[in-house]
Amino acid sequence: MKLQEADAKSLLVAQGLPVPPWEVAHSVAEARSATERFLAGGADKVVIKAQVLIGGRGKAGGVKLAGSPDEAEQVAGAILGMDIKGMTVRKVLVGPAADIVKEFYLAAVLDRAERGILLMGSAEGGVEIEQVAAATPEAIVRLHAHPLLGLQDFAAREMAFAMGLGAHLKAAVAIAKGLVTTMRAYDADLVEINPLAIIRETAADGATQERLVCLDAKITLDDSALARHPGLEDLRDPDEEAPEDKEAREAGLTFIKLDGTIGCMVNGAGLAMTTMDLVKRAGGEPANFLDIGGGARAEKVAAAMRLILADPKVNAILVNIFGGITRGDEVARGLIEARAQQTREVPMVVRIVGTNAAEAAPLLLEARFETAASLDEAAAKAVAASKRATAEATGAIA
Ligand code: GDP
Ligand code: MN
């Protein structure tokens, strides 16, 4: 689950990290009043930032400065409703504009291969790290947190020096350690600060000082660990979730969209992977990974079918059910129900074995589903059906 910048910043603040203040505005009027408060508080400008779950907002025109309440209204009006890479902006973050001296990159990521937390830092902040990694990989400093001791001071200091943060050593060490504690506190997969920035602040008496702060924040939480953190689920932004992800989550299905043409409906993650392998071996490309789980009832099967058919690339479906606690006849009923509601006709090959397969067979026969006795046969039939459909669609001779 990805968090909006403002929510990610709240978690950072809760972990004691330095983040400039902000307010979230859902309308032009709210953006105006937030601006009035920040200007009254001494800021000479505000920054207004689109809150969408996508990077590169700055380049897309979703991050702008405003020097007066009128200008803030105008800027917020332009950003609210803006489309950024397919996401509609419904709210903005408003905060005092930072006077940036230099931008850095610092992130903590889950390193699955090392089974630990990896910190990545770079003096090339503000740009996307993938670009830095491609153009100047040596500009990225890497460091693993100790699995038991966390990020140790000496290691964090070395990293800060290597990133060119020697002048802000204390703050840099505290922030690096804070990212690791944030990862652990919320079971995050990623905590990314880009830019981590040295900003110049001017006091009322005109004296200036520099400070290291988290100017942007991106946090991705491990969905499987959400149950351990009551309250974090509330931060899920339903507007931002892809419709198919939402339907899958609500129906209790594990669904991952892929690029192929053959929709796969399977029970069990292992069997789903095997089914995808066999589709590929038979010369086809799976359109998705879909695990309907154990004991799926007819409604769940129907929801799974809707998800598969929502993908316009799908031109054949392979249903592979190994009945353990899942009952074959329940699945067959679900398929019949799903087909009755279906908005488009797609060839389907069904293989059901195990619990209540004998009860499923006559139902499938009566409903005239194409069936297969073995998984190899089912995969071959589905691939052949998909190839026929592709050929018909492109006008080629099958
Ligand atoms: P992203 O493009 O979605 O990653 O959004 P960011 O929050 O990282 O903002 C993009 C860029 O806008 C930053 O790298 C900064 O250069 C600039 N920016 C963001 N906030 C401020 C600010 O308060 N003041 C100034 N001057 N620039 C800012
Ligand atoms: Mn950024």
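Residues numbered from 1 in each chain as written. Chains lettered and ligands numbered in written order. Predicted model: local features only at pLDDT ≥ 70, side-chain atom pairs only at ≥ 80, totals over all residues. Heavy atoms only, no water.

## Some remarks on the site of ligand 1
- Looking at ligand 1, there are 16 residues lining it, with Lys49, Arg57, Gly58, Ala98 and Glu103 nearest.
- Between ligand 1 and glutamate 103 there is a distance of 2.6 Å, counted from an oxygen atom to a side-chain nitrogen or oxygen.
- Between ligand 1 and asparagine 194, the relevant distance is 3.0 Å, taken from an oxygen atom to a main-chain nitrogen or oxygen of the residue.
- Protein chains bury 80% of the 560 Å² of accessible surface belonging to ligand 1 in isolation.
- Counting only elements with at least two residues in the shell around ligand 1, the list comes to strand S2 (46-50), strand S3 (63-66), strand S7 (100-111) and strand S10 (188-202).
- Looking at the shell around ligand 1 residue by residue, the class counts come to 7 nonpolar, 5 polar and 4 charged.
- Residues from two domains meet in the shell around ligand 1; each of domain 1 (1-20 + 100-241) and domain 2 (21-97) gives at least three. (Near = heavy atom within 4 Å. Polar contact = N/O pair within 3.5 Å; in protein donor to acceptor, adjacent residues only side chain to side chain. Areas by Shrake-Rupley, 256 points an atom, 1.4 Å probe, with all protein chains shown as cover. Helix = DSSP H or I, 4+ residues; strand = E, 2+ residues; numbered from the N terminus. Nonpolar A, V, L, I, M, F, W, Y, C, P; charged D, E, K, R; others polar. Domains from an automatic or database assignment.)

## Looking at the domain arrangement of the protein chain
- Assigned domains within the protein chain: domain 1 (1-20 + 100-241), domain 2 (21-97) and domain 3 (243-397).
- For domain 1 versus domain 3, the separation of C-alpha centres amounts to 42 Å.
- Taken together, the 4 residues of domain 1 in the interface contact 4 residues of domain 3.
- Among the residues domain 1 hides against domain 3, the three largest losses belong to Arg236, Pro238 and Glu241. Together they make up 96% of the total. (Contact = heavy atoms within 4.5 Å. Buried area = accessible area lost by both parts, 1.4 Å probe.)

## Description of the coordination of the manganese ion (ligand 2)
- For the manganese ion (ligand 2), the full set of protein donor atoms is Asn194 (O) and Asp216 (OD), at a range of 2.1 to 2.2 Å. In this pair, asparagine 194 sits in strand S10 while aspartate 216 sits in the loop between strand S11 (208-214) and strand S12 (218-221), placing the two residues 22 residues apart along the sequence. When sorted by exposure, asparagine 194 lands in the same class as aspartate 216, which is buried. (Donors = N, O, S within 2.8 Å, 3.2 Å for Na, K, Ca; no water. Buried < 20%, exposed > 50% of the residue type's maximum accessible area, 1.4 Å probe, protein only.)

## Observations regarding the packing of aromatic side chains
- The tally for this structure, following the rule as stated, stands at 0 aromatic pairs.
- One Lys or Arg, lysine 102, reaches over the ring of phenylalanine 104 and ends 5.0 Å from the middle of that ring.
- The positively charged end of arginine 339 is found above the aromatic ring belonging to phenylalanine 369, 4.1 Å away from the centroid. (Phe/Tyr/Trp six-rings, centres within 6.5 Å; stacked < 30°, edge-to-face > 60°. Lys NZ or Arg CZ within 6 Å of the ring centre and 35° of its normal.)

## Let's talk about the nonpolar core
- Formed by 42 residues in total, the largest nonpolar core has its most connected members in Leu12, Leu119, Leu165, Leu179, Leu196, Ile219 and Leu221.
- In terms of residue count, the dominant contributor to this core is helix H6 (residues 169-186) (8 residues).
- Those residues within four positions of leucine 196 in sequence are excluded, and the remaining contacts are Lys102, Glu103, Phe104, Leu106, Leu165, Ile175, Leu212, Val213 and Cys214.
- Leu307, Ile352, Leu364 and Phe369 belong to the second largest nonpolar core, which has 32 residues in total. (Core = buried A, V, L, I, M, F, W, Y, C linked by side-chain atoms within 4.5 Å.)

## Focus: the pairing of strand S16 (residues 316-323)
- Within S16, 7 of the 8 residues are buried, which leaves the element mostly enclosed by the surrounding structure.
- Where strand S14 (residues 262-266) lies against S16, 5 bridges are found, and the strand directions are parallel. What sits directly across from glycine 263, in S16, is isoleucine 317.
- Two elements, S16 and strand S17 (residues 348-354), share 7 bridges in a ladder whose sense is parallel. Looking at S17, one finds that isoleucine 317 is bridged to methionine 348. (Pairing = 2+ DSSP bridges.)

## Examining the sheet that holds S2
- Here we have 4 strands laid out as an open sheet, ordered S1-S6-S2-S3, and antiparallel in their pairing. Sheet topology places strand S1 (23-25) and S3 at the edges, where each strand pairs with a single neighbour. Averaged over all neighbouring strand pairs, the angle between strand axes comes to 30°, with direction disregarded.
- Pairing between S2 and S3: 4 bridges, direction antiparallel. Considered in S3, the bridge of valine 47 is made with leucine 65. (Axes fitted to C-alpha atoms, helices over the stretch in contact; angles between N-to-C directions.)

## Section: helix H2 (residues 28-40)
- Taking 1.5 Å of rise per residue, the 13 residues of H2 would be expected to cover 18 Å, and the 18 Å separating its terminal C-alpha atoms lies within 8% of that figure.
- On the buried face of H2, the contacting elements are S1, S2, helix H3 (69-79) and strand S6 (92-96).
- One or two positions beyond H2, positive phi appears at glycine 42, with a value near 115°. (Expected span 1.5 Å × (residues − 1).)

## With respect to the environment of glutamine 152
- Locating glutamine 152 in the fold gives a position in the loop between strand S9 (140-144) and helix H5 (153-162).
- Look at glutamine 152 and you get partly exposed, because its relative accessible area is 29%.
- Through-space distance from the C-alpha of glutamine 152 to that of glycine 41 is 38 Å; in sequence the pair is 111 residues apart.

## Quick word on the pattern of salt bridges
- Scanning the model with the defined rule gives 25 salt bridges in all.
- With a shortest N-O distance of 3.0 Å, glutamate 377 and lysine 381 are connected by a salt bridge. One end of the pair is glutamate 377 and the other is lysine 381, both in helix H12 (residues 375-394) and 4 residues apart, which spans about a single turn.
- Take glutamate 377: its relative accessible area is 32%, and that puts it in the partly exposed class.
- With a relative accessible area of 26%, lysine 381 lands in the partly exposed category.
- Through salt bridges with shared partners, a single network forms among Glu5, Lys9, Lys49, Arg57 and Asp216. (Salt bridge = Lys/Arg side-chain N within 4 Å of Asp/Glu carboxyl O.)

## Looking at the packing of helix H10 (residues 328-341) against helix H11 (residues 357-366)
- For the pair H10 and H11, the least separation of the axes is 7 Å and the interaxial angle reads 20°. Between H10 and H11, the angle is such that the two are roughly parallel. Handedness of the crossing formed by H10 with H11: left-handed. Residue-level contacts link Gly328, Asp329, Ala332, Arg333, Leu335 and Ile336 of H10 to Glu359, Ala360, Leu363 and Leu364 of H11. (Parallel < 35°, antiparallel > 145°, perpendicular 65-115°, else oblique. Left-handed = near helix turned anticlockwise from the far one by under 90°.)

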